[in-house]
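# Structural overview for review
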There are 4 protein chains.
Amino acid sequence: MKKRKIIMDCDPGHDDAIAIILAAAQPELDILAITTVSGNAEIEKTTMNALKVCDLVSLHNVIVSKGASEPMMRRRENAPSIHGDSGLDGPEFPALSRSWSEEHGVDTIIRMIKESEDRVTLLPTGPLTNIALALIKAPEMKENIEEIILMGGGTFGNWTPTAEFNIWADPEAAKKVFDSGIPLVVMGLDITHQAVATDNVINQVMNIDNNVAKKVGELLAFFKSAYKETFDFDGPPVHDVLTVAYCVAPELFTFKEVNIVVETRGEYTAGTTSVDLLGVTGRKPNAKFGLTLDVDGFWDLMIKALKTYSAS
Amino acid sequence: MKKRKIIMDCDPGHDDAIAIILAAAQPELDILAITTVSGNAEIEKTTMNALKVCDLVSLHNVIVSKGASEPMMRRRENAPSIHGDSGLDGPEFPALSRSWSEEHGVDTIIRMIKESEDRVTLLPTGPLTNIALALIKAPEMKENIEEIILMGGGTFGNWTPTAEFNIWADPEAAKKVFDSGIPLVVMGLDITHQAVATDNVINQVMNIDNNVAKKVGELLAFFKSAYKETFDFDGPPVHDVLTVAYCVAPELFTFKEVNIVVETRGEYTAGTTSVDLLGVTGRKPNAKFGLTLDVDGFWDLMIKALKTYSAS
Amino acid sequence: MKKRKIIMDCDPGHDDAIAIILAAAQPELDILAITTVSGNAEIEKTTMNALKVCDLVSLHNVIVSKGASEPMMRRRENAPSIHGDSGLDGPEFPALSRSWSEEHGVDTIIRMIKESEDRVTLLPTGPLTNIALALIKAPEMKENIEEIILMGGGTFGNWTPTAEFNIWADPEAAKKVFDSGIPLVVMGLDITHQAVATDNVINQVMNIDNNVAKKVGELLAFFKSAYKETFDFDGPPVHDVLTVAYCVAPELFTFKEVNIVVETRGEYTAGTTSVDLLGVTGRKPNAKFGLTLDVDGFWDLMIKALKTYSAS
Amino acid sequence: MKKRKIIMDCDPGHDDAIAIILAAAQPELDILAITTVSGNAEIEKTTMNALKVCDLVSLHNVIVSKGASEPMMRRRENAPSIHGDSGLDGPEFPALSRSWSEEHGVDTIIRMIKESEDRVTLLPTGPLTNIALALIKAPEMKENIEEIILMGGGTFGNWTPTAEFNIWADPEAAKKVFDSGIPLVVMGLDITHQAVATDNVINQVMNIDNNVAKKVGELLAFFKSAYKETFDFDGPPVHDVLTVAYCVAPELFTFKEVNIVVETRGEYTAGTTSVDLLGVTGRKPNAKFGLTLDVDGFWDLMIKALKTYSAS
Ligand SMILES: [Ca+2]
Ligand SMILES: [Ca+2]
Ligand SMILES: [Ca+2]
Ligand SMILES: [Ca+2]
C-alpha cells in the first residue's frame, strides 16, 4: 500500500498532541515531519511538547523542527488559559530522548515537499506562520502539495467574537494560505465543536490499558477543566484531531465547497474568516468547509487507534 | 394610561410595513413620526411605501418624513431581490391620500425628540443613516432618548457572509449608533430568523376577514417567494416586526447584555457586528442582544393585532 | 456688476477671522452666510468668534449659523496651542450685538444654495463636516454650487507628519467633499506656507489707522507667537485668507489640475491628502491645487482691503 | 584596519549596481554577501544583474544569493519603466562567470550575521522583503546587527503620490523593519533627489578611462533617459548609492533623528512613510533621516572610486 505523506505543523497543545497520537497509529500515513510554531504556547514549549508526544508514541525517526517563534506581523500571544503554562499541562512526561532538529521548521517543510516523490499533504493545527513563510520563500513548492487540511476559523469565533485562535494569532499568514490557490480542507469551529470529549468518551479512554491512552486521558481531563473554566463548556472539543481523522476517514465528514477569505485589516475583526456558505459574494470556492461530523464514528476511530498501542 | 412614545425609522420593505401595521394596532404606543431611509429600496419608494401603509391602517395624523437618500460614506445599494422593484411588491395599494412632509426625516427625528415631554423610543428597521445624522447634528437630544430598539446585525450575515443588510448598507452610521452610549436593544439575525412566517401562519393571516390582514397576507406571500428564491428559506423571517413586538411584549424575548461593535474598516467584513456573547473582549456591554423568541406568543400577538382592524 | 455669491464655512481661528475681514471689504462678493464648525475651537467659541468679526466689520445682515459640534465619525479635537483658549486669542472684542441664528449651519448652507438664483461658491476654512453633512442631506444642491475653494491638505502635514489639521480633524467629511464631483480649488499647506505674515507685513498692518486693522495686527501678533512656539516658524502663515484672495484675484495664483483623494483608513495616515502631482495614479483630476502665490500681490490686496475700513 | 562588515541586499537596478561598484572600491568595507530581491525587476533578473556587476568589479569571492521572489503579502510589481526590461538596461555585459549560490538570500543574511564576529551593517536598496523574512525567521540575530542603512521612503512619493517604490513594493516588510528596534539610517527621496547625475557628472564619468567607469557612464545615460521620460527629471537621482556613501563618508550628510512608521492599511497610502520631522506624534525616534547631502563631496567620492579601477 502506498502511504499518504503528511507533514504535521502544530503548536501542541492538547488537541495537537492527540492529533499526533492518532496519526502515529495509522498505518496508511507516512509522517514526513513534525514542525512547530508559536501558538498555544511559546515556540520552545510547543517544540518540547511535540518531542514528548513523539517519545510517547515512539516516533523516533520523524524529524521534529522548530519553526516560527512569532507571527509574521503581529505581537505574539499564547493561550495558557486553555493549555496551561507548559502548553500541555496535565500528564507528567519523562525526560526527552532527543532534541529538535537544527533545521528551521520552515526549511524542513520546504525540503520535505521538494524531496518527496509523491505530493505531500499538510496538516496545520496551529497558527499558519510556518506554512505562509514556506510559501513566500519557495512558492514553487506549491506544485507538490496535495492539499492542506487545517484546523482554523469558522463562522464564529472563540478568541474574539468573530475570530478563532489559530487564524487570529497570525491573520496575515492565514490570508497567505487561504489565497494561495492550494486545495484547502478547513476544519473550523462549526465542525470541531461537534467533536466534544464527553465524560463517556473520557471514561472509555481511561479504561484502555496502555500508557498512551492513560496520557490521553490525562490530557482530556485537563482540557475539560480548562474549557469548563474559560468557556463554560461541558466537554472540550478536540479541534485539531479532526484534520487527521479527515485524512484517513473522510467519510465521517460532510462539507461544502465554499469561498473563504481572511480579514487582516478590520478594527475589530482581524483574523475573522468570511465563509461564504450562502454563496452571496460571487467569489470562487477555494476550500472544503467541514459541516458535520459522524461523532460516534470519529470517537470509534480514536478509541480504536488508542487500543493499537501496546499495554504498559 | 401613559402611552409609550416611539419613532419608527424604516425602509419599507415588507417586514417594515408589517411592523408599522402591528404598531398601529397597539393602544399603548404613541407613534410620533415615521421617517424613511434608503435601504430596501430608493428613498422615494420607501417613503411612498410608508405612506401606503399609513393609509392602509389610517395613520393619517402621523407625520411621514423622507430621510437620507444615500448612506453616509458608501455607495447606495438596495435590495430589489428581496422586496421587488417597488420595495413593497405583492399587494396593490390605492392612490395615496397625501404626500410626505416637507421636513427632512433627520429634522423630524430631532424635533420630535426635543419637543417630547417623555423620553422617546426609536425603532429603526432600516440602515441607521437617519439616526446617525440626527446624532451628529443634535448630539444633545441623546438625553431624551429612552432606548433604541433596532433590527440589524447578528453573529452571522445575510448580505455578506458576516454582515446583515441594514448594518452593511451603512456601517459608518451603525458604528455611530452602537458607540453612542444610548441604551440599545438589538434584534439581530439570530433572533429574527426565529420569526419565520410559516405556511400555517400565512394561512391564519389570510383567514382574517379584513383588508389589512388581506394585504399582510399578500405581503407575506411575496416575501415567502423572494426568500425561497434568494436564500432557499422555507418561510420568510419578518425581521423588523420584532422591534415592535419587543416594545409591547418584552416577555416574549430572552436576551443577553453584551458588547457589540461595528466593523467599518475591514477588507471583507465591513458592516459586521462583533457580538461578544462569550465576554472575551473585556469591553463593557452596550446592548441587549435578542437570543430567543417565544414564537407562538409572537404570532399570537400579530394575529390578534390584525384582528383588531375592522372587516372590509 | 453681478456680485459673486459666497458662503464662508469656518472655525475662527485667526486666519478665518482675517479671511472674513478680507471678504467683507470686497465689493464684488456677496456673503450669503457665515456658518461655523468645530475645529480650531469648540463650536460655541468659533461661532462667537465669527459674530465678533461680523460686528467688527459691520456684517450685521449676514446670517451666522452654528454648525456641527463634532466630526462625523471621530473624536473632536481642537487646536488651542495655535489659536488660544478662545480660538481667537489676542485682541479684546466688545460685547456681541447679536447671537447666532436658530437655524443649524448645515441647513443654512442647504437653504442658501437652493434659494440662490446664481450658483454659489463655498469657502470652507475649517474641517469639512458641515459641507459633507449638507451633501448627504441634500445631494441635489450640488447642481447649484459653482465651486468649493477650500483651505486644507497638501503634500505634507502639520498636525501629523502627513496630514493637515482641517482634513485630519474630519477625514470622513473631507473624503465626502473630495469625492463629490464638485469643482474644487484646494489651498493646501504647499501654498499657504507661502503666505507668511512677516514682521514687515505686520508693521504695515499696524500702521493703518483704523480699528479693523488694529485688531488684525493684534491677531497677527498672537498668531506669530503661537507659530513660533509650536512650530518654530518665524512668521505665521495666514492659510485661510487665500481662499478669499483666490476668489477675487485668481491671477495671484498658479495651480495644477490634479487628482486628490483623502485617506480615511490608515493606521497612521488618516486625513492625509494624496495629491497626484506626478500623474502616477491614473485617476482623473478633481481639483485645482494651489502651487505658487504672488506673495507681494497677496499682501497688497490685504493691505488695500484693510485701508478701506474707516478710521477709528 | 578593521573593515566594516556589510551585507548589500539589493534589486539591481541601475543605482543598486552603482552602489555595489562604489562599495567594491572601498578598502574599509568588507562585503560579506550580496543578496537579491524582487523589485526593480523579477528576482532572476536582479540576481543576474548582481552577478554581472560582481564580474565587472571582480567581486568573485562574495557570495551572491537569490532572495525573495515576491513581496510578503502583496502582488509583485516591478519597475521596467525606470530600469528597462532586464532591470539593468543600457550597457552590454559579458557572459556570467558563475551562478548564484544555492543558499536562499534570507538564509545567507541570517548565517552571515550569526557567523560574524563583528556586528554587521545591512545596506538594503530594494524592497525590504528579505530583511523582514530574516527577522521573522531568526529574531535573535538582531543583536549582531550594527545598523541598517536603507534607501526607501521620504516625505513624498514617486510610485504613488505619497509612497516611494521600495517601501510601496512591500509595505508589510518595511513595517517589520521600521518597527524592529534596530538602529536605522534612512535615505529617503528627500535626500536622494539631491544626488542627481547631471550632464557634468556623466561627462566626468565618461572621461575616466576604464571599463567600470565606461559601464557606469552607460548606466547613467540609460537612467537619465528613463527619468526624463517617466518623471520629466533633467538628471537621474542615484538613490541607492547614498547608502554606501553614508557608510564610508557620513560627514557628507546631515540628518535628523526622527520617528518613522510605515502605513500598511490605507486605502490610498499603503507604503507611505510617516516621517515625524516636526515631532508632533510623540513617538520616540527610531531612525536617522537624511536631510542634506554635500553634493560635490558625494560626486567626488564616486569619481575617485571609479578612478581606482584599472584602465581597460
Ligand atoms: Ca493547535
Ligand atoms: Ca427594514
Ligand atoms: Ca480655519
Ligand atoms: Ca534599488
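Starting from 1, residues in each chain are numbered consecutively following that chain's sequence as written. Each chain is given a letter, starting from A, and each ligand a number, starting from 1, according to the order in which they appear as written. In keeping with the model being predicted, local features are shown solely for residues with a pLDDT of at least 70 and side-chain atom pairs are shown and tallied solely at 80 or more, while totals for entire chains, interfaces and linings include all residues. Hydrogens and water molecules were not included; the side-chain quantities draw on all heavy atoms of the structure.

Least squares is used to superpose the copies, and the fit set is the C-alpha atoms of residues whose pLDDT is at least 70 in both copies. The transformation that overlays chain B on chain A combines an axial shift of 0.0 Å with a rotation of 180°, and the residual RMSD is 0.0 Å. These values place the two chain copies in the arrangement generated by a two-fold rotation axis. Every residue of chain B has its C-alpha some distance from the rotation axis, and the shortest such distance is that of G266 of chain B, at 1.9 Å. Pairs of residues are marked as contacts when any of their non-hydrogen atoms sit within 4.5 Å. Counting the interface residues of chain B, we find that 100% of their copies in chain A are interface residues as well, pointing to one common contact surface.

Residues and elements named next belong to chain A. For the calcium ion (ligand 1), the full set of protein donor atoms is D11 (OD), D16 (OD), D16 (OD), T125 (O) and D240 (OD), at a range of 2.2 to 2.5 Å. For Na, K and Ca the donor cut-off is 3.2 Å, and for all other metals it is 2.8 Å, counting N, O and S atoms only; because water is absent from this set, sites may look incomplete. On the primary sequence, the residues serving as donors to the calcium ion (ligand 1) are separated as D-x4-D-x108-T-x114-D. Residue D11 is located in the loop between β1 (4-10) and α1 (14-24), and its partner D240 is located in the loop between α10 (211-231) and α11 (241-248); the two are separated by 229 residues in the primary sequence. Burial classes: relative accessible area under 20% of the type maximum marks a residue as buried, over 50% as exposed, and values in between as partly exposed (1.4 Å probe, protein chains only). Accessibility expressed as a relative area gives 0% for D11, which makes it buried. Secondary structure follows DSSP: runs of H or I at least 4 residues long count as helices, runs of E at least 2 residues long count as strands, and numbering of each begins at the N terminus.

A word on the confidence of the model for chain A. The share of residues in chain A with pLDDT of 70 or more is 100%, and the mean pLDDT across the chain is 97. Reported confidence for the predicted complex is 0.95 by ipTM and 0.96 by pTM. Each residue carries a pLDDT value, the predictor's own confidence for that position, ranging from 0 to 100.

Before going further, it helps to examine the sheet that holds β1 of chain A. All names here are of chain A. Spatially, the eight strands line up as an open sheet ordered β3-β2-β1-β4-β5-β6-β10-β7, and their pairing is mixed. Every other strand in the sheet has two partners, leaving β3 (63-66) and β7 (253-258) as the edge strands with one partner each. Geometrically, the sheet is characterised by an average inter-axis angle of 25° between neighbouring strands, direction not taken into account. Of the strands in this sheet, β2 (29-36) and β3 are in contact with helix α2 (residues 43-56), which crosses β3 at around 170°. In this description, strands pair whenever DSSP reports at least two bridges between them. Fitted lines through C-alpha atoms give the axes, limited to the stretch in contact for helices. The angle between two N-to-C directions lies from 0 to 180 degrees.

All right, on to the layout of surface pockets then. Roughly 1,000 Å³ of internal volume is contained in the largest pocket. Lining the largest pocket are 38 residues, with M73, R74, R75 and E172 of chain A together with R265 of chain D sitting closest to its centre. Secondary-structure elements contributing two or more residues to the lining of the largest pocket are α6 (165-169) and α7 (171-178) of chain A together with α7 (171-178) of chain D. The residue inventory of the lining of the largest pocket, partitioned by class, reads 10 nonpolar, eight polar and 20 charged. Here a cavity is any set of points on a 1 Å grid over the protein atoms alone where a 1.4 Å probe fits but cannot get out, and a pocket is any open set with protein on both sides within 12 Å along at least 5 of 7 lines; a residue lines the site when it has an atom within 4 Å of a point. Grid points are joined across faces, edges and corners, and a volume is the space filled by probe spheres set on the points. Put simply, the second largest pocket is a space of about 730 Å³. E172, T264 and R265 of chain B together with E172 and T264 of chain C are, among the 26 residues lining the second largest pocket, the residues nearest its centre. For the lining of the second largest pocket, the secondary structure elements donating two or more residues are α6 (165-169) and α7 (171-178) of chain B together with α6 (165-169) and α7 (171-178) of chain C. Taken together, the residues of the lining of the second largest pocket break down into 10 nonpolar, two polar and 14 charged. Asp, Glu, Lys and Arg are counted as charged, while Ala, Val, Leu, Ile, Met, Phe, Trp, Tyr, Cys and Pro are counted as nonpolar; the rest, among them Gly, fall into the polar class.

With that settled, the discussion passes to the environment of W299 of chain D. All names here are of chain D. Assignment of secondary structure puts W299 in helix α12 (residues 295-308). Measuring from C-alpha to C-alpha, the distance between W299 and A245 comes to 9.7 Å, with 54 residues separating the pair along the chain. Residues contacting W299, with those up to four places away along its chain left out, are A195, V196, A197, V201 and V238.

The next subject is the pairing of strand β1 (residues 4-10) of chain C. Summarising burial for β1 of chain C: six of the seven residues are buried, a large majority. Each parallel crossover has a hand, and the one from β1 of chain C via helix α1 (residues 14-24) of chain C to strand β2 (residues 29-36) of chain C is right-handed. A clockwise course of the path from the first strand over the helix to the second, judged with the strands pointing away from the viewer, identifies a crossover as right-handed.

Its place among the elements puts H104 of chain D in the loop between α3 (80-83) and α4 (105-115). Using a relative accessible area of 15% as the deciding quantity, one classes H104 of chain D as buried. If we skip the residues at most four places from it in the chain, H104 of chain D touches K137 of chain A together with S65, K66, G67 and A68 of chain D.

Turning our attention to the coordination of the calcium ion (ligand 3). Residue and element names in this part refer to chain C. At this site the calcium ion (ligand 3) is bound by D11 (OD), D16 (OD), D16 (OD), T125 (O) and D240 (OD), with donor distances of 2.2 to 2.5 Å. Counting the intervening residues between successive donors of the calcium ion (ligand 3) yields the motif D-x4-D-x108-T-x114-D. Taken together, the positions of D16 in helix α1 and T125 in the loop between β4 (120-124) and α5 (129-137) put the pair 109 residues apart, joining distant regions of the chain. Exposure remark for T125: the relative accessible area of 3% places this residue in the buried category.

Two copies of a chain can be linked by a rotation about an axis combined with a shift along that same axis. For the match of chain C to chain D, the screw axis carries a shift of 0.0 Å, the RMSD comes to 0.0 Å, and the turn is 180°. A shared binding surface is used by both copies, with 100% of the interface residues of chain C retained as interface residues in chain D.

Let us look at the side chain of K52 of chain B. Residues and elements named next belong to chain B. The topology assignment puts K52 in helix α2 (residues 43-56). His is not counted here, nor are the chain ends, while Lys and Arg score as positive and Asp and Glu score as negative. By convention in these notes, a salt bridge is any Lys or Arg side-chain nitrogen within 4 Å of a carboxyl oxygen on Asp or Glu. Of the side chains bearing the opposite charge, D89 lies closest to the buried K52, which forms no salt bridge; the N-O distance is 7.1 Å. Sequence-distant contacts of K52, defined by excluding residues within four places in its chain, comprise F93 and L96.

Turning our attention to the environment of F233 of chain D. Residues and elements named next belong to chain D. If you trace the backbone, F233 turns up in the loop between α10 (211-231) and α11 (241-248). Separated by 37 residues in sequence, F233 and V196 place their C-alpha atoms 9.3 Å apart. With near-sequence residues (within four places) excluded, F233 lies in contact with H193, Y227 and K228.

At the interface, 27 residues of chain B touch 27 residues of chain A. For the pair chain B and chain A, the two sides together bury roughly 2,000 Å², of which 61% comes from carbon and sulfur. Summed over the shared surface of chain B and chain A, the result is two salt bridges. In protein, a polar contact requires one atom able to donate a hydrogen and another able to accept it; more generally it is a pair of N or O atoms within 3.5 Å, and residues adjacent in sequence count only if both atoms are side-chain atoms. Remark: the boundary between chain B and chain A carries nine residue pairs in polar contact (both at pLDDT 80 or more). When residues of the side of chain B that touches chain A are traced back to their parent elements, those giving at least two are β8 (260-262) and β9 (273-275) of chain B. By residue number, the principal contributor to the side of chain B that touches chain A is β9 of chain B, which donates three residues. For the side of chain B that touches chain A, the per-class residue count stands at nine nonpolar, 12 polar and six charged. Values labelled buried area give the accessible surface lost by two parts on being combined, using a 1.4 Å probe and summing over both.

In this section: the packing of α1 of chain A against α10 of chain A. Residues and elements named next belong to chain A. Remark: α1 packs on α10, axes separated minimally by 10 Å, with the N-to-C direction vectors making an angle of 155°. Comparing their axes, α10 and α1 come out roughly antiparallel. Crossing of α1 over α10 shows left-handed handedness. Of the residues in α10, those touching α1 at H14, D15, A17, I18 and I21 are V212, V216, L219, L220, F222 and F223. Residue composition of the contact of α1 with α10, by class: nine nonpolar, one polar and one charged. Angular relationships are summarised with four words: roughly parallel below 35 degrees, roughly antiparallel beyond 145, roughly perpendicular across 65 to 115, and oblique for the angles in between. Here a crossing is taken to be left-handed if its near helix is turned anticlockwise relative to the far helix by less than a right angle, and right-handed if that turn runs clockwise.

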